[in-house]
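Survey of secondary and tertiary structure
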Amino acid sequence: MRNLISEHDKLIKKFNIDYYFSRKNYQMASAIKALSVTNDIQEAYYKKEDYLDNKDLVLRLYALLQALFVSIDSLYALSNVIAGGKSIINLNNNQVLRNLKYIRNEVVGHPSSKLFGYSKPAYCILDTDSVTKESFKYGVYTYENEKIKEINIDELLSAYYHEANNLLAELYQVSIKHNEQSLLKEYIKKVLDDYYRSGHYLKSMDRFIDKYKEMYPSSKREQHRIIWRYELILKIIAIDNDNKDMQELIFYCIGLELNKIYKLIYGCDYNHKADFELPQTVISLYRFLNRNPEYVPYVECLKDSEHPLYYESLKFIYEGASLKKMEKARDYLGFLLALYKGGENDLLYALGLPIAEYRKK
């Protein structure tokens, strides 16, 4: 762990905070400083001290979780300034870091008034007696059940440093090389133009991704959202389904992913995104939600398949659509349930994007 912390410190120092501060680039300067402060907190956390009692350990735990949360925000800020967006940062792909936001919110953020996105409240109680430098436990309690979670601190920190160090090394290389962003814009615009006008976009998509990999030869889905979304599109294309409604949904979701890539590069939606015709399955689901607003709060839980109440919420809306005989919405939700049970998290995310885009009328 100390080697990871030391490497992190060296990478941070490559970004000259005085240089950015003197040029009033305060976003860069503040992000670099926040990362440095977090590193100091991590070093202090592992510092050997005698006579630390339980209260000292709890204090250190609070500082550690909050610092990690702030650092992830700072990494996104650096990526935004240096790369012009989030195209090369994909921390959510790391399962441990993806859960960090829940851990921090539950333990430090809102333990006594936490809502899981709908009307049923859930509360967190930290088991202070369990807190050591290596791990801690806490419970999440609803009126229906309780769940005890045990967190390995070394695992959490190791995941953070591996991802953060890889990202900082990548960002440093981007910051010192010529910016060919305008060329990427031209390529991705051609992809969306072809998709929107004719539906024949595969060749232009391949040309775009070839150029992207030429610019970022070490790019992998773990750090680069564009690579991750490109691989998502390939997975969607490979779905074999004879149902015309589902084929329509699949093509529409490919368009959503292409627009996500476009937005990572341009910073805004594709001009004609609003004109994309909604599939019948999505129209049916939206109509069901508009007519039955008591189901709408559960949609919030469907934006992340790792949400503690994802499956229960999806199943509840599916049963409601079935009861109301909304067949196309039922087929759509049933397909997502099958993906969930099959552990197809990437496809679950991609084909669930229309749900995340639902807006209550």
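Everything below is about the structure printed above this text.
Scope of this entry: the structure provided in the associated data block.

Another point: the nonpolar core. One broad trend across soluble globular proteins is that nonpolar side chains are buried collectively. Core analysis: the largest hydrophobic core is formed by 109 residues, its most contacted members being Phe-136, Tyr-138, Phe-208, Leu-258, Leu-285 and Ile-317. Those residues in contact with Leu-285 that sit more than four places away from it in its chain are Ile-317, Ala-329, Tyr-332, Leu-333 and Ile-355.

Summed over all chains, the structure comprises 12 salt bridges. Lys-149 is the partner of Glu-106 in a salt bridge, and the nearest nitrogen-oxygen pair spans 3.3 Å. Of the two residues, Glu-106 sits in helix H5 (residues 95–109) while Lys-149 sits in strand S4 (residues 146–152), which places them 43 residues apart along the sequence. The exposure class assigned to Lys-149 is buried, which follows from its relative accessible area of 18%. With its nearest N and O atoms 3.3 Å apart, the salt bridge here joins Asp-331 to Arg-330.

A few words now on the pairing of S4. Bridge count for strand S3 (residues 135–141) against S4 is seven bridges, and the pairing is antiparallel. From the neighbouring strand, Tyr-138 faces S4, where its bridge partner is Lys-149. Linking S3 back to S4 in an antiparallel pair, the connection comprises four residues.

As a further point, take the packing of aromatic side chains. Per the counting criterion, the structure on display carries 20 aromatic pairs. Ring geometry for Phe-15 and Tyr-172: centres 5.8 Å apart, planes at 85°, overall edge-to-face. Taken together, the positions of Phe-15 in the loop between helix H1 (2–14) and helix H2 (17–22) and Tyr-172 in helix H6 (residues 153–176) put the pair 157 residues apart, joining distant regions of the chain. The buried category is assigned to Phe-15, whose relative accessible area is 4%. What makes Tyr-172 partly exposed here is its relative accessible area of 24%. Ring pairing ties together the aromatic residues Tyr-196, Tyr-262, Tyr-266 and Tyr-270, which thus form one cluster. The side chain of Lys-185 reaches across the aromatic face of Tyr-266, ending 5.3 Å from its centre.

Basis of the calculations
Residues numbered from 1 in each chain as written. Predicted model: local features only at pLDDT ≥ 70, side-chain atom pairs only at ≥ 80, totals over all residues. Heavy atoms only, no water. Core = buried A, V, L, I, M, F, W, Y, C linked by side-chain atoms within 4.5 Å. Buried < 20%, exposed > 50% of the residue type's maximum accessible area, 1.4 Å probe, protein only. Contact = heavy atoms within 4.5 Å. Salt bridge = Lys/Arg side-chain N within 4 Å of Asp/Glu carboxyl O. Helix = DSSP H or I, 4+ residues; strand = E, 2+ residues; numbered from the N terminus. Pairing = 2+ DSSP bridges. Phe/Tyr/Trp six-rings, centres within 6.5 Å; stacked < 30°, edge-to-face > 60°. Lys NZ or Arg CZ within 6 Å of the ring centre and 35° of its normal.

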